[in-house]
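# What the coordinates show
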Amino acid sequence: MGATTIGALVGSAIDGLSGDDGVADGAIIGAVTANVLKVVLPLAITYAVGWVVLRGAGELKNRVFGEVQ
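Here goes a summary of the coordinates provided. Counting starts from 1 at the beginning of each chain's written sequence and moves along it residue by residue. Local features in this predicted model are restricted to residues of pLDDT 70 or higher, and side-chain atom pairs are both shown and tallied only at a pLDDT of 80 or more, whereas totals for entire chains, interfaces and linings draw on every residue. The basis for the side-chain values is all heavy atoms of the structure; hydrogens and waters are excluded.

### Overview of the overall build of the protein
Each helix corresponds to a stretch of at least 4 residues labelled H or I by DSSP, and each strand to a stretch of at least 2 residues labelled E; elements are numbered beginning at the N terminus. Broken down by element type, the protein carries two helices and zero strands. Here the globule rule is a power law, 2.2 Å times the number of residues to the power 0.38, and the radius of gyration is based on C-alpha atoms. Its C-alpha radius of gyration of 21 Å places the protein more than 25% over the 11 Å reference for a compact globule of 69 residues. Projected onto the principal axes, the alpha-carbon positions of the protein cover approximately 65 × 25 × 15 Å. Think of it in three bands: residues with accessible area under 20% of the maximum for their type are buried, residues over 50% are exposed, and the middle band is partly exposed, with areas taken using a 1.4 Å probe on protein chains only. Within the span of the protein, comprising 69 residues, buried residues form 14% of the whole. Of the roughly 5,400 Å² that the protein leaves accessible, carbon and sulfur atoms contribute 73%. Put simply, the protein has 4 plus and 6 minus side-chain charges, and the middle of one group is 25 Å from the middle of the other. Residue-level accessible areas treat just the shown protein chains as cover; the underlying method is Shrake-Rupley with a 1.4 Å probe. Charged-residue counts in this description rest on Lys and Arg as positive and Asp and Glu as negative, His and the chain ends being excluded. A charged residue contributes its charge at one atom only: NZ of Lys, CZ of Arg, CG of Asp or CD of Glu.

This is the structure we're talking about:
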């Protein structure tokens, strides 16, 4: 199953638990959320890994060459 389908199923299940109306709007919100996360999550992970690498490279430079005043 694709992420969009799983997001729609989860969204409709969560919306169905509230019991106030139909589950179609929950399915739409779940599908949209899944598609947004497919883009945002890899970007966030890439940014975090890059930040850690740059931070580590700076620390390594400071250990090798000494702290620059």
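### Focus on the packing of helix 1 (residues 3-18) against helix 2 (residues 24-65)
Closest axis-to-axis distance for the helix 1/helix 2 pair is 6 Å, and the angle between their directions is 140°. With respect to helix 2, the element helix 1 is oriented oblique. You can see that helix 1 and helix 2 cross each other, and the crossing is right-handed. Contacts from A3, T4, G7, A8, G11, S12 and D15 in helix 1 reach D25, G26, A27, G30, A31, A34, N35 and K38 in helix 2. Every angle, taken between N-to-C directions, lies between 0 and 180 degrees, and every axis is a line fitted to C-alpha atoms, over only the stretch in contact when it is a helix. Here is the rule for angles: anything less than 35 degrees is roughly parallel, anything more than 145 is roughly antiparallel, 65 through 115 is roughly perpendicular, and the remaining ranges are oblique. Should the near helix be turned anticlockwise from the far one by less than a right angle, the crossing is termed left-handed; should it be turned clockwise, right-handed. Contacts are residue-level and defined by heavy atoms, with any inter-residue pair within 4.5 Å sufficient.

### What to know about the pattern of salt bridges
For this analysis, a salt bridge means a side-chain nitrogen from Lys or Arg found within 4 Å of a carboxyl oxygen belonging to Asp or Glu. This structure, assessed with the given rule, holds one salt bridge. Across the pair E59 and R63 runs a salt bridge whose closest N-O atoms are separated by 3.5 Å. Separated by four residues within a single helix, E59 and R63 lie in helix 2, roughly one turn from each other. The class for R63 is exposed, based on a relative accessible area of 68%.

### Examining the side chain of S12
Position of S12 relative to the elements: it lies in helix 1. Here S12 is in contact with V23, G26 and A27, once residues within four sequence places are set aside.

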